[in-house]
Amino acid sequence: MFDFLRHQLRAMAGIFKRDFKIFLRYPLNALFRIIEPVLWFAPVFFMGKGFAVDGQNVGFQAYTGTGDFVSFLLLGTILSSYVSSVFWGIGFSLKNQMTTGVLESNWLTPIPRITHLVGQTLFNVLITTFNSIGVFVIMMVFFGVNFDLTSIGAAILTIVPMLISIYGFGFAFAALVMLMREANTLVDAGNFIVNTLTGANFPVTVFPRFLMVISLSLPLTYGYDAVRGLLLGTRTLLPLHQEQLILVIFMVVMVVFGAWVFIWLERYCRRLGTTGMH
Amino acid sequence: MSERFLASEQSGLAADSQSERRVILQEYGLICKLRSLWAVIRKEVTIFIRYPSWVVAVVIWPVLFPLVYIFNGKAFAGPDNAGVSTFANLTGTGDYIGFMALGSLLYMWINMVLWSFGNFLRNEQLRGTLESTWLTPMPRIIMLIGAGIGDCLQQCAVFSISLLEFYLILNIRLVGDPLLVLAVILLTIPTIYGVGFLFASLVVWAKEVNVMVFLVRGMVMIFCGISYPLAVLPDWMQSISRFIPMTYAIRAFRNAYLTDGGLGAIKDDLLILAAFGIGLFTIGYFAFIMVEKSVRGKGNLGVY
């Protein structure tokens, strides 16, 4: 058992090293991972100005309880970058390996396929965290943000189960990409839908009733909401402790579900013989 | 045609029929090029519809994408639309939904062209088929034009379905003259595909798609006013936006679609768009020819 674990950790370290090398090999790409969230943020920032009454976003305040839409959006941008990294970093990386024709040979190594994914995930979390710090600094300098840092510990404790559940979902999504084989639209649309429905960029209370029902059924919505409630003092959808409990339950469910879907679909694709196709 | 050519080859042409031979070769070459062009278009369309996710690109994505801006707009407007008056003062219309949906439709167009042109040659590089495809006796520019026409066909479908969905789901009505809307779209095509040609060349040279797409679409996103009036930008940013053709395309498209100002309201924008179109298409064409020569000289066409 101990040997097995040791081998898995070595394999994960190998995968981590491989992904890190590829990441460094395209330095411009690495730089743009920090700049891109700011590019997405800028239009919304200017949009906010287009609706401000005497410099105050009274409409936004009425919905959220805070007029500081910059901090509201920054938190959403940082948290949604983890969601995006699951879609692009894990889902799309399988497609890249399929395109370059190395997926089959990688998977022929005597390493459980799930270990490949966990290795990629660890790298992904680390890089996304570094990116988020970069985005935070840029946004603070250019746009100015205002957080209540006394609740930072509680916010981090809320973020952890949220992130684990997102990566659990990533396992299932990676398997879906493998099955569908055309990843670009799937990844782009999936990422967009999840971030939109969970309120990464705006309060979900603006949704019409039928979208609100979907939004409230997604545990990620409570993650965004709870972290904003803690750091910005916005009105939360449910009491904070209930939102945190939902996130913990979601974490357990998504990790088990994600791993199960991945193992099942991976077997299915092997039976179909489509692993090497693209 | 080909029989005529073969017959002339077999019989051996006398000196006085050399000019006829040249004409036959020219005709034959033209037909070959058209056949190649058709094959590339067919290949691109076949690849596009081969993956079931094309439904997402054509049907779902167009209505989905503007929603994020529209919901943002709704959040900024507030439950009692308190913020709409400022927006109306700046844009001349309180219909922020139409404003944002049409702006984002043009943004989606250039975004898709950038991705498809960038990936067109890059994917062949990654799959290792670029060199072998380029070894065929077909002018390389034909491949790019074929990809452009294939993409144009997809975009026609996307545009039509988007406008229909905007009408049915977002209740965005065509107020202006449909012919003027068509004129704006037609005059935007050379600009967008000129940028696409330029882009494909840059990608083959730089071997990187993502960064280039992020850069170009980021500029369009920030400087061209897809979701907000340009008047909210600082002066220096407004000056930059004047040098980007999409600024004029988006403004003309909105005016033609949402207002009944007629040709007079968009005439200047159309002229500027036409000038940009000619310039960018020419630059894109020559950039591709130059890059093709350069990578062949260096021998790094298949390297990624």
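In case you missed it, the structure is sitting above this.
Residues numbered from 1 in each chain as written. Chains lettered and ligands numbered in written order. Predicted model: local features only at pLDDT ≥ 70, side-chain atom pairs only at ≥ 80, totals over all residues. Heavy atoms only, no water.

Caption draft 1: View of the interface of chain B and chain A. Contacts between the two partners involve 49 residues from chain B and, on the opposite side, 45 residues from chain A. Both sides of the chain B and chain A interface together cover about 4200 Å² of buried area, and 75% of this is carbon and sulfur. Looking at the side of chain B facing chain A, the largest losses of area belong to Tyr51, Phe71 and Phe76 of chain B, adding up to 17% of the total buried there. Here chain B is connected to chain A by zero salt bridges. Residue assignment for the side of chain B that touches chain A shows that the elements contributing at least two residues are helix H3 (54-77), helix H4 (84-91), helix H5 (96-127) and helix H9 (210-223) of chain B. Considering only residue class, the side of chain B that touches chain A consists of 33 nonpolar, ten polar and six charged. (Contact = heavy atoms within 4.5 Å. Buried area = accessible area lost by both parts, 1.4 Å probe. Salt bridge = Lys/Arg side-chain N within 4 Å of Asp/Glu carboxyl O. Helix = DSSP H or I, 4+ residues; strand = E, 2+ residues; numbered from the N terminus. Nonpolar A, V, L, I, M, F, W, Y, C, P; charged D, E, K, R; others polar.)

Caption draft 2: Representation of helix H10 (residues 219-232) of chain A in the model. Residues and elements named next belong to chain A. Counted at 1.5 Å a residue, the expected span for H10 with its 14 residues is 20 Å, and the 20 Å between its end C-alpha atoms agrees. The buried fraction of H10 is high, at 14 of 14 residues. Directly beyond the C-terminal end of H10, a positive phi value near 70 degrees is found at Gly233. (Expected span 1.5 Å × (residues − 1). Buried < 20%, exposed > 50% of the residue type's maximum accessible area, 1.4 Å probe, protein only.)

Caption draft 3: Focus on the nonpolar core. Residue and element names in this part refer to chain B. Grouped together as the largest cluster of nonpolar side chains are 167 residues, with contacts concentrated most on Met100, Leu121, Met246 and Phe253. When residues of this core are assigned to their parent elements, the largest contribution, 18 residues, is made by H5. Not counting residues within four places of it along the chain, the set of residues in contact with Phe253 comprises Leu102, Leu105, Leu106, Phe159, Leu163, Val181, Val184 and Ile185. (Core = buried A, V, L, I, M, F, W, Y, C linked by side-chain atoms within 4.5 Å.)

Caption draft 4: The side chain of Asn131 of chain A, seen in detail. When you line up the elements, Asn131 of chain A lands in helix H6 (residues 113-142). Those residues in contact with Asn131 of chain A, other than ones at most four positions away along the chain, are Ala30, Arg33 and Ile34 of chain A.

Caption draft 5: Region of interest: the environment of Asn146 of chain A. Residue and element names in this part refer to chain A. Relative to the helices and strands, Asn146 is located in the loop between H6 and helix H7 (152-180). For Asn146, a relative accessible area of 58% corresponds to the exposed category. For Asn146 and Asn131, which are 15 residues apart along the polypeptide, the C-alpha to C-alpha distance reads 20 Å. Non-local contacts of Asn146, meaning those with residues more than four positions away in its chain, are made with Asp68, Ser71 and Leu232.

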